[in-house]
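Report on the structure
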Amino acid sequence: MNISKICCIGAGYVGGPTMAVIAQKCPQIQVKVVDINQARIDAWNSEDLSALPVYEPGLDAIVGEARGRNLFFSSEVDLAIEEADMVFISVNTPTKTYGEGKGQAADLKWIEKCARQIASASKSNKIVVEKSTLPVRTAEAVKDILDNTGNGYKFQILSNPEFLAEGTAVEDLLDPDRVLIGGDTSTEEGLEAIQALVDVYAHWVPSERILSTNVWSSELSKLTANAFLAQRVSSINSLSELCESTEADIYEVSRAIGKDSRIGPKFLQPSVGFGGSCFQKDILNLVYICRSYGLFEVADYWEQVIKINDHQKGRFAKKIIKSLYNTVSGKKITFLGWAFKKDTNDTRESAAIYVADLLLNEGANIYVYDPKVSEDQMYNDIDYLNTRTKVENRRLLQSEFDPYAACKGAHAIAVLTEWDEFRELDWQKIYDQMQKPCQIFDGRNLLDKQKLEKIGFRVYAIGKSS
Ligand SMILES: NC(=O)C1=CN([C@@H]2O[C@H](COP(=O)(O)OP(=O)(O)OC[C@H]3O[C@@H](n4cnc5c(N)ncnc54)[C@H](O)[C@@H]3O)[C@@H](O)[C@H]2O)C=CC1
Ligand SMILES: O=C(O)[C@H]1O[C@H](OP(=O)(O)OP(=O)(O)OC[C@H]2O[C@@H](n3ccc(=O)[nH]c3=O)[C@H](O)[C@@H]2O)[C@H](O)[C@@H](O)[C@@H]1O
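Counting starts from 1 at the beginning of each chain's written sequence and moves along it residue by residue. The lettering of chains begins at A and the numbering of ligands begins at 1, in the order of writing. Residues qualify for local features only when their pLDDT is at least 70, as the model is predicted, and side-chain atom pairs are given and counted only at 80 or more; totals for whole chains, interfaces and linings, by contrast, use all residues. The basis for every side-chain value is the complete set of non-hydrogen atoms in the structure, without hydrogens or water.

Per an unreviewed UniProt entry, the protein is named UDP-glucose 6-dehydrogenase, and its organism is Belliella kenyensis. UniProt positions are given in the numbering used here, feature names are shortened, and annotations may be inferred rather than shown by experiment. Quoted verbatim from the Sequence similarities (unreviewed entry) field of UniProt, the annotation for the protein is "Belongs to the UDP-glucose/GDP-mannose dehydrogenase family." Of the protein, the UniProt comment under Catalytic activity (unreviewed entry) reads exactly: "UDP-alpha-D-glucose + 2 NAD(+) + H2O = UDP-alpha-D-glucuronate + 2 NADH + 3 H(+)".

Encoded structure:
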């Protein structure tokens, strides 16, 4: 089966970059990315490529090449579905904030809406691809809706979870470790649908990296991959605390264990805690699924990954308070970074938000400098926690466009995101303009501790005894 038109519902951090790369690599396929958020679509269509709604290194060039040729962004969802042979669902699947499963289960209302809309807008048979991260067995519900609310057309459901990481989305998409495609391997139509999607990726991904499985394995592999990755971060972070008490050095430990080829060196970077839109939500979802099957020990095991992460964020904030003589009330504390990692403008579940919240509870005045995050976004993030009034948040938290202005007069600086540019700051100038003693809390172990100590800073680094 030859695919000539693709529609992707959801123009977010996954839908936008993924479809841009498919369009770049498959110029003969028309790719339409649709979204109900008109402002987001307008931003994707912006003439100024630096104003795209998602910041990812290299993305502007790919969008610049393909947009208007075979890549289109639109809010006409029905039309794009009707035209397409293959429809990707790439909408948000956040943790439920209400009702049964509140705080753990994935909220699938946007997925259901998409399935219903695909059913009603279709005027031909289609392949429907789950690109969103979904609980295992969601395809069953999607198929049920498509088969029972549609116009009699046939649908094949594939699961094709996305493994890109933000900040490196373009390189991950261009050169993925693997592409996973789950489908109905028991029927000829199912196998044909799988092959149609394999053929799309085969334009640039070597065939040995394209794996096909049954749908349930594919859905579950995505949750599992994120759970394993997050588990590594929580494992190293838990040991960072032990290092601080024992004079072992977390870097020496991480290097020593990472040299074991069975363990490997990646994802052993200690930090103030993992953030991002997915690790927490996907593990909570896994925990919920396990509990719903009565697997309580398995659920508790994975939940511990989240508990260690919360502990890591909390102990970082407590370290700041304790080092500032047990009070931060009325003191200026500068945050370098607000995004959940470098090279992205995404702040979802960023550790910075939770550390700020704890310090604001103590009456601190926080000044934030982040090269890619707007002040509005910071206020959205902190208001969302509902800890205090909006007025109070705006009184206590400000953003600064200039890192030196952000640091001037501060009692302490906390590094929350590992932006490379923070290494290059004139630290002597910052020292001269700060309150003494000058304290730095490096939540990313980004800065040169020895150099800063030579200038006169007191430096706290994760997993290193001071
Ligand atoms: N952000 C990431 O790095 C990764 C995310 N994922 C998964 O991909 C999915 C999407 O994530 P993001 O792109 O980050 O979310 P996002 O929130 O950035 O984008 C989702 C978009 O879908 C749109 N949308 C929702 N319902 C719609 C509807 N009925 N019709 C049209 N548009 C609709 C929203 O307006 C929004 O723009 C999630 O399931 C997530 O778990 C998977 C891998 C990586
Ligand atoms: O499903 C998803 O959304 C994606 O989730 C993660 O990608 P992402 O959250 O974008 O970024 P990561 O590089 O995984 O970082 C997540 C968090 O862990 C932190 N981290 C990562 C690695 C590490 O060694 N230490 C550490 O603290 C990062 O700073 C960040 O806050 C996975 O890496 C992707 O494979 C997956 O597709």
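So, next bit.
Turning to the side chain of Ser74, a few remarks are in order. Here Ser74 is to be found in strand β3 (residues 71-74). On the basis of relative accessibility, which here comes to 14%, the residue Ser74 falls in the buried class. Definition of a polar contact: a pair of N or O atoms within 3.5 Å, with one able to donate and the other able to accept a hydrogen when the atoms are protein atoms, and with sequence-neighbouring residues admitted only if both atoms are side-chain atoms. A polar atom in the side chain of Ser74 sits 2.8 Å from the backbone nitrogen of Glu76. By definition, residues are in contact when any of their heavy atoms lie within 4.5 Å. Beyond its immediate chain neighbours, meaning those up to four positions away, Ser74 contacts Val33, Val34, Asp35 and Ile41. Strands are runs of DSSP state E lasting at least two residues, helices are runs of H or I lasting at least four, and both sets are numbered from the N terminus onward. Buried, partly exposed and exposed residues are distinguished by accessible area as a fraction of the type maximum, computed with a 1.4 Å probe on protein chains only: under 20%, between the cut-offs, and over 50%, respectively.

A separate point is the site of ligand 2. Working definition: residue near molecule or strand if any one of its non-hydrogen atoms lies within 4 Å of it. Near ligand 2 there are 20 residues, and of these Phe163, Leu164, Ser271, Cys278 and Arg444 occur at the shortest range. A distance of 3.4 Å is found between an oxygen atom of ligand 2 and a backbone nitrogen or oxygen belonging to Leu268. Within the complex, the protein chains bury 90% of what would otherwise be the 700 Å² of accessible surface of ligand 2. Under the scheme applied, nonpolar residues are Ala, Val, Leu, Ile, Met, Phe, Trp, Tyr, Cys and Pro; charged residues are Asp, Glu, Lys and Arg; polar residues are all the others, including Gly. For the shell around ligand 2, a count of residues per class yields eleven nonpolar, four polar and five charged. Mapping the shell around ligand 2 onto the domain boundaries places at least three of its residues in each of domain 1 (5-205) and domain 2 (214-466). Here the open area of atoms and residues is found with the Shrake-Rupley method and a 1.4 Å probe, where only the protein chains shown may cover a residue. Where each domain starts and ends comes from a domain assignment, either automatic or drawn from a database.

Next up on the list: the packing of aromatic side chains. Each Phe, Tyr or Trp ring (for Trp, its six-membered ring) is paired with any other whose centre lies within 6.5 Å, and the angle between the two planes then decides the class: stacked below 30 degrees, edge-to-face above 60, tilted in between. Considering all chains together, one arrives at twelve aromatic pairs under this definition. With centroids separated by 4.9 Å and ring planes inclined at 5°, the aromatic side chains of Trp44 and Phe73 adopt a geometry described as stacked. In this pair, Trp44 sits in helix α2 (residues 38-44) while Phe73 sits in strand β3, placing the two residues 29 residues apart along the sequence. Arranged with centres 6.2 Å apart and planes meeting at 45°, the rings of Phe441 and Tyr460 form a pair that is tilted. In this pair, Phe441 sits in strand β13 (residues 439-442) while Tyr460 sits in strand β14 (residues 458-461), placing the two residues 19 residues apart along the sequence. Summarising the burial analysis for this pair, Phe441 and Tyr460 share the class buried. These aromatic residues form a ring-pair network of at least three members: Phe228, Tyr301 and Trp302. In this analysis the charged atom, NZ for Lys or CZ for Arg, is taken to sit over a ring once it is within 6 Å of the ring centre and within 35 degrees of the ring normal. The ring centre of Tyr354 lies 4.3 Å from the NZ or CZ of Lys313, which sits over that ring. The lysine or arginine in question, Lys429, covers the ring of Tyr404, its NZ or CZ lying 4.1 Å from the ring centre.

On to a nonpolar patch on the surface, then. For patch detection, residues must exceed 30% relative accessible area and be free of salt bridges, and they are connected within 9 Å for like charges or within 5 Å for nonpolar side chains (Val, Leu, Ile, Met, Phe, Trp, Tyr). Every case where a carboxyl oxygen of Asp or Glu lies within 4 Å of a side-chain nitrogen of Lys or Arg is listed as a salt bridge. Taken together, the side chains of Tyr293, Leu295 and Val298 present a nonpolar region at the surface, about 290 Å² in accessible area. Relative to the helices and strands, Tyr293 is located in the loop between α11 (279-292) and α12 (296-323).

Let us now look at the domain arrangement of the protein. When cut into domains, the protein gives domain 1 (5-205) and domain 2 (214-466). If you average the C-alpha positions of domain 1 and of domain 2, the two centres end up 31 Å apart. Counting residues at the interface gives 40 residues for domain 1 and 31 residues for domain 2. Accessible surface is computed with a 1.4 Å probe, and the buried area is the amount of it that two parts give up when combined, taken over both parts together. Summing both sides of the interface, domain 1 and domain 2 together bury roughly 2,700 Å²; the carbon and sulfur share of this comes to 56%. Among the residues domain 1 hides against domain 2, the three largest losses belong to Tyr55, Gln104 and Val136. Together they make up 25% of the total. Put simply, domain 1 and domain 2 have one salt bridge between them.

With that settled, consider the UniProt feature "domain: UDP-glucose/GDP-mannose dehydrogenase C-terminal" (unreviewed entry) in the protein. Under the UniProt annotation, the feature "domain: UDP-glucose/GDP-mannose dehydrogenase C-terminal" (unreviewed entry) is placed at residues 334-449. The distance separating the terminal C-alpha atoms of residues 334-449 is 18 Å; by composition the span is 34% helix and 16% strand.

Two kinds of site are reported from a 1 Å grid over the protein atoms alone, namely cavities, where a 1.4 Å probe fits but cannot get out, and pockets, open sets with protein on both sides within 12 Å along at least five of seven lines, and residues are called lining when an atom falls within 4 Å of a point. Grid points are joined across faces, edges and corners, and a volume is the space filled by probe spheres set on the points. Here the structure, examined in full by the defined rule, presents two cavities of 30 Å³ or more. Taken as a whole, the largest cavity encloses approximately 40 Å³ of empty space. In terms of lining residues, the largest cavity is bounded by Glu130, Ser132, Thr133, Leu134, Ser159, Pro161, Glu219 and Lys222. A class-by-class count of the residues in the lining of the largest cavity yields two nonpolar, three polar and three charged. Empty space within the second largest cavity amounts to approximately 30 Å³. Every residue lining the second largest cavity is listed: Phe274, Gly275, Gly276, Phe279, Gln280, Asn309, Lys313 and Glu349. Counting only elements with at least two residues in the lining of the second largest cavity, the list comes to α11 and α12. The residue makeup of the lining of the second largest cavity, split by class, is two nonpolar, four polar and two charged.

So, on to the nonpolar core. The tendency in soluble globular proteins is for nonpolar side chains to be buried as a group. The biggest cluster of nonpolar side chains holds 56 residues, and the ones touching the most others in it are Phe316, Phe335, Trp338, Leu359, Trp427 and Phe457. In terms of residue count, the dominant contributor to this core is helix α13 (residues 351-361) (seven residues). Grouped together as the second largest cluster of nonpolar side chains are 45 residues, Leu71, Phe73, Val198 and Ile210 included. Take the buried residues of types Ala, Val, Leu, Ile, Met, Phe, Trp, Tyr and Cys, join any two whose side-chain atoms come within 4.5 Å, and each joined set is a nonpolar core.

This brings us to the environment of Asp282. Here Asp282 lies in helix α11. Overall, the relative accessible area of 1% leaves Asp282 in the buried class. At a separation of 2.8 Å, a polar atom in the side chain of Asp282 contacts the side chain of Lys281.

Turning next to the site of ligand 1. Around ligand 1, 25 residues are found, and the nearest of them are Asp35, Arg40, Thr93, Glu166 and Lys281. Val14 has a polar backbone atom sitting 2.9 Å from an oxygen atom of ligand 1. Considering ligand 1 on its own, with 830 Å² of exposed area, one finds that the protein chains cover 93% of that surface. Grouping the constituent residues of the shell around ligand 1 by class yields nine nonpolar, nine polar and seven charged.

With that settled, consider helix α9 (residues 215-246). To estimate the expected span of a helix, count its residues, drop one, and scale the result by 1.5 Å. Given a rise of 1.5 Å per residue, 32 residues ought to cover 46 Å, and the 47 Å separating the end C-alpha atoms of α9 matches this to within 8%. With a side-chain oxygen lying 2.9 Å from the backbone nitrogen of Trp216, the N-terminal cap of α9 falls on Asn214. Just beyond α9, the residue with positive phi is Glu247, at close to 70°.

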